[in-house]
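# Fold and geometry: a report
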Amino acid sequence: MCGGEIGAGISEEWVLDERYPLIVAQVDALTQLADLVEGDDAERALELLDQARRLDPDTEDTWCRLIRLQVQLGRADQARQTGRLLRAHMQSLQVEPMPETQEWLASPARSPARQGWKARP
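As the structure is a prediction and not an experimental result, all values here were calculated from the model.

## So, the environment of A106
Within the fold, A106 resides in helix α5 (residues 99–106). A relative accessible area of 67% means that A106 is categorised as exposed. Sequence separation of A106 and G83 is 23 residues, and the distance between their C-alpha atoms is 9.4 Å.

Right under this line is the structure:
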């Protein structure tokens, strides 16, 4: 297991080009593991999704999965806070969230199942 960020402190373009595919692979592994453990250990799934979000905060789907799980666990306040953080991050990137994410963020207190909202696989 990687104990830290690859090439931490190095800002040359070639390091960034090499680092990103590894980050994507880590995020994919963490979200898959979260899916696998969610039924038995939702707290662990939350930790894994949060770790994935911190590794690559630009992956909107990870944020959505995290919010969905927070709502399922009855943590509406935490889900709203995560939604605010997502909005702020997207604004800092000067991009709009996907339409389904915008719809979800407009009313996170509603059940994602009733809205037909779910994170993309």
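Let us keep going from here.
## Notes on the environment of P97
Note that P97 resides in the loop between α4 (76–93) and α5. Separated by 10 residues in sequence, P97 and R87 place their C-alpha atoms 7.7 Å apart.

## Comments concerning the packing of aromatic side chains
The geometry of an aromatic ring pair is captured by two quantities: the separation of the ring centres and the angle between the planes. Here the structure, examined in full by the defined rule, presents zero aromatic pairs. Directly above the aromatic system of W63 lies the positively charged group of R53, at a separation of 4.9 Å from the ring centroid.

## Notes on the pattern of salt bridges
For the coordinates displayed, the defined rule picks out eight salt bridges. Here R44 makes a salt bridge to E47, at a shortest N to O gap of 3.2 Å. Residue R44 and its partner E47 are both found in helix α2 (residues 42–55); the two are separated by three residues, about one turn of the helix. By relative accessible area, R44 is classed as partly exposed at 35%. In this structure, D61 and R65 form a salt bridge, with 2.8 Å as the shortest nitrogen-oxygen distance. Placement of the pair is D61 and R65 together in helix α3 (residues 60–72), with a separation of four residues, close to one helical turn. A residue is classified by how much of its surface remains accessible, and D61, at 18% relative accessible area, is buried. On the accessibility criterion, R65 (8% relative accessible area) is buried.

Rules used throughout
- Residues numbered from 1 in each chain as written.
- Predicted model: local features only at pLDDT ≥ 70, side-chain atom pairs only at ≥ 80, totals over all residues.
- Heavy atoms only, no water.
- Helix = DSSP H or I, 4+ residues; strand = E, 2+ residues; numbered from the N terminus.
- Buried < 20%, exposed > 50% of the residue type's maximum accessible area, 1.4 Å probe, protein only.
- Phe/Tyr/Trp six-rings, centres within 6.5 Å; stacked < 30°, edge-to-face > 60°.
- Lys NZ or Arg CZ within 6 Å of the ring centre and 35° of its normal.
- Salt bridge = Lys/Arg side-chain N within 4 Å of Asp/Glu carboxyl O.

Purely spatial values, then, with no claim about function.
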